[in-house]
Amino acid sequence: MKRSFIIWLTLLSTACSIFGQANFQTIAEKSDFKSTSDYNDVRIFIDHLRKSSHYIRTENIATSTEGREIPLLIIGNPLPKSPKDLINDKRIVVYIQANIHAGEVEGKEATLMYVRDLLREKNPEILKNVILLVCPLFNADGNEKISPLNRTYQNGPVNGVGVRYNGQFLDLNRDAMKAESPEVRGVLTNVFNKWDPAVYMDCHTTDGSYHVEPTTFTWMVNPNGDNSLIAYMREKMMPEMSKILSGKYKTENCFYGEFFDMRDPSKGWVLDASEPRYMTNYFGVRNRLGILNENYVYADFKSRVLGCYYLIHSLLEYTSAHKSEIENILSDVDKKTMARGANPAVTDSFAIEYKVRPSPEKVTIRTYEAELINDVNGWKNYRRTDRQKDVTVPYYIDYYPTKNVRFPFAYLITTSDPAITDLMTIHGIKMEKLSSDSKIEVQKFEISELKGAPRLNQGHYTNTINGKYVNGPVDFPAGTIVVRTAQPLGNLAAYLLEPQSNDGLVFWNFFDRYLVPQWGIGYNPYPVYKVLQRVDLKTVDIR
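Positions within a chain are numbered from 1, following the residues in the order the chain's sequence is written. In keeping with the model being predicted, local features are shown solely for residues with a pLDDT of at least 70 and side-chain atom pairs are shown and tallied solely at 80 or more, while totals for entire chains, interfaces and linings include all residues. With hydrogens and water excluded, all non-hydrogen atoms of the structure serve as input to the side-chain values.

This part takes up the pattern of salt bridges. Once the charged atoms of two side chains with opposite charge are near each other, the side chains can pair. A pair is scored as a salt bridge if a Lys or Arg side-chain nitrogen falls within 4 Å of a carboxyl oxygen belonging to Asp or Glu. Using the criterion set out here, one finds 43 salt bridges in the structure. For E59, the salt bridge identified is with K194, shortest N-O distance 3.1 Å. Taken as a pair, E59 in strand β1 (residues 56-63) and K194 in helix α6 (residues 182-195) lie far apart in primary sequence, 135 residues in all. Throughout this description, buried means an accessible area under 20% of the type-specific maximum (1.4 Å probe, protein chains only), exposed means over 50%, and partly exposed covers the range between. Residue classification places E59 among the buried residues on the basis of a relative accessible area of 18%. Put simply, R91 and D89 hold a salt bridge, and the shortest N to O gap is 2.7 Å. Among the ionic contacts, a cluster of salt bridges with common partners joins E104, R151, R164, D171, R174 and D207. Numbering of helices and strands runs from the N terminus, with a helix taken as a DSSP run of H or I at least four residues long and a strand as a DSSP run of E at least two residues long.

With that settled, consider the sheet that holds strand β6 (residues 215-219). For two strands to pair, DSSP has to find at least two bridges joining them. The eight strands lie next to each other as β1-β2-β4-β3-β5-β10-β6-β7, forming an open sheet whose pairing is mixed. The sheet is open, and its two borders are formed by β1 and β7 (253-255), each paired with just one other strand. The sheet shows a mean angle of 20° between the axes of neighbouring strands, taken without regard to direction. Both β6 and strand β10 (residues 289-295) contribute to a ladder of five bridges, which runs antiparallel. Lines are fitted to the C-alpha atoms to define the axes, a helix being fitted only along its stretch in contact, and any angle between axes, read from their N-to-C directions, falls within 0 to 180 degrees.

As a packed pair, helix α7 (residues 227-248) and helix α10 (residues 323-342) sit with axes 10 Å apart at the nearest point and diverge in direction by 155°. Taken as axis vectors, α7 and α10 run roughly antiparallel relative to one another. On α10, the residues that touch S228, L229, Y232 and K236 of α7 are E325, I326, I329, L330, V333 and K336. Between 65 and 115 degrees an angle is taken as roughly perpendicular, under 35 as roughly parallel, over 145 as roughly antiparallel, and anywhere else as oblique. Any two residues whose heavy atoms approach within 4.5 Å are treated as being in contact.

A few words now on the sheet that holds strand β14 (residues 395-406). Reading across the sheet, the four strands line up as β8-β9-β14-β11 and stay open at both edges, with mixed pairing between neighbours. Of all strands in the sheet, those with a lone pairing partner are β8 (258-259) and β11 (349-358), marking the two edges. In terms of strand pairing, strand β9 (residues 269-270) meets β14 through two bridges, oriented parallel. Its bridge partner being in β14, W269 is matched across the sheet by Y395.

Moving on to the layout of surface pockets. With a 1 Å grid spanning the protein atoms alone, the term cavity applies to any set of points in which a 1.4 Å probe fits but cannot get out, the term pocket to an open set with protein on both sides within 12 Å along at least five of seven lines, and the term lining residue to any residue with an atom within 4 Å of a point. Grid points are joined across faces, edges and corners, and a volume is the space filled by probe spheres set on the points. Computed from the structure, the largest pocket encloses a volume of approximately 710 Å³. As for the largest pocket, its lining consists of 17 residues, and the residues nearest its centre are D207, E258, W379, K380 and Y382. When residues of the lining of the largest pocket are traced back to their parent elements, those giving at least two are β8 and β13 (379-393). A breakdown of the residues in the lining of the largest pocket according to their chemical character gives nine nonpolar, four polar and four charged. Each residue gets one label: Ala, Val, Leu, Ile, Met, Phe, Trp, Tyr, Cys and Pro are nonpolar, Asp, Glu, Lys and Arg are charged, and the others, such as Gly, are polar.

Negative phi characterises most residues that are not glycine, and trans characterises most peptide bonds. The step from N77 to P78 runs through a cis peptide bond, and the omega angle for that step is 5°. Tracing the sequence through the fold places P78 in the loop between β2 (69-75) and β3 (92-98). The omega torsion across G156 and P157 is 0°, close enough to zero to call that bond cis. Within the secondary structure, P157 sits in the loop between α5 (140-143) and α6.

Below you can see the structure in the form of C-alpha cells.
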C-alpha cells in the first residue's frame, strides 16, 4: 500500500510538472505577440523551468556592466554537473544564443518556448543525443531599455524592443576578437572554452532587403577557418535544415543575405559580414560550426518568433540525427590543424585580404519590386511595392584569399603586456615561454606605414598597417612568450597575431604603444616574430 501511494505521488508530481510547463507562457505568448519580455520576465520564466524539471540547471555566463547576471541554461538527460562529465559521453553539445542585439528579440522568446516544450516531454528524444546550452538574454542591459521608439520600422512588438548596444555602448556582435565586454569575455570563457560546443546559432533580426520568407539563416564564412567545415554546412547541413523547416514545419525560409541592388535583384544576393568580430565567423575560425539566424524584420512579430522557434527544432533535429558525423568531422579538422602547425609547409598560408564570389548553387528569394525614395551620400532608401516576384540569383558568400602570408610554426611575443596575454588566455589559446636565452631564425615585420581610421569604431581608431617581412636570426631572452600553432585554436592565434590581419590585435590598437617611438621618426619593431619552420624551442608552460 505504501509503495503504491509513493508511485501515485510520483505520477501526480510528474503530471503537475508537465501541466505547469504546458500552460506557462512567455510574455510574447501571453500578450498575443504584442509584447516582449524584460529581464525579470526572463528570470521568472527560467526559475519556473528549473523548478519543474530535473533535466535543466543554470549557470552564470557573466555579470553585465550594469550588474545583471547573464543566464546560461544547461539541458540534458542525464544532466551533466560539469564538462568533465562529458569526457566519455557520446552526446553532442549545441549552444543557442539570443538577444545579442536587444532590439532583435525573436530568439529570446523562441528559445524560452523551445526549452519549455522540450522539457514537457517525458523522455525527450533530442536529449538522447544532445546537451543543449541556451542563453536567451545575452544583452541584458540593452534589453532593459525597451521602448516603442526603438526600431520603429520593425513590425512589432507594439510595446517596443531594447537597444543594439550593451551597457558600455558596445555592439557585442563586433566584440568577438577584442573581447572588451563582460558578456563576450564570459561567453568565451564559460561557454566556448568550458563546454566546447560543436554547433552554435546566434539569433538576430534583419535590417535589409524585402522578401516574403519570415526566417533566414546562413553559415560562417571566414576563409581563415577550415574550409571543409564551410563546405559541409553549405552543401549538406544548411540545405537539409532548410528542408526540415519548410517541409515538416511549413515555414518559408531562405539563406540570409541582401540584394546588391534592390531594383535589380539579378545582380545577386550577398552576405557581406565576413570578419571574425562577428560571433558566428569567430566560431568558424575556432573550427566549429557557426550559424547566423536572421528573422525578417517586416514580417509580423508572431511569424518571426514562430519561424525562429521552428528553426531551433530544425537545427536540433538535424544535429541529433547527424551527431556522429559532425563529431568525426570536427575531430578530423582539429587533428589537421594541429598537424599543420607542427610542421607547416611552404604553401600553408594565412589570408590577409580576401574577396567574395558566388557559391556553386544559386538561391531563390521571394522578393518584392522596390522603388528608390532617396539617395543620401550613397545611402539608398527604398519603398516596397505590392508587386511580389520570385527570383533565382547568384549567392555571393564564398570568400576566397587574394593576398596571403606564410603560416608559421610559432609566434614569439616580446612584450608581456597583460592586456595582450590576458586576452589570449580568454580566447583559450595556449601560451608558453622560453626557458632560456635563445638565438632563433625568425621572420620579423618591418613597418613602413601605420594609419588610424579617421572615425571611431567601437571606441577605436582602428589601424591599417603596411610593411615587409625580413628573415634572419634574432636573440630572444628567457621568458619570451611562445604561441605554437600546433593547437586546436591555431587559426585563431594567427588571426590575432598577424600584423596585417583585418581583425587582429594590431587592428584593434592593442600594440599601439609599442609601435611608434616617443621621439623621432619611423617605427619600432613589431613585437611579434614568426618562426616559420619547425624548430626545437625550449619552453615551459605559463602558469
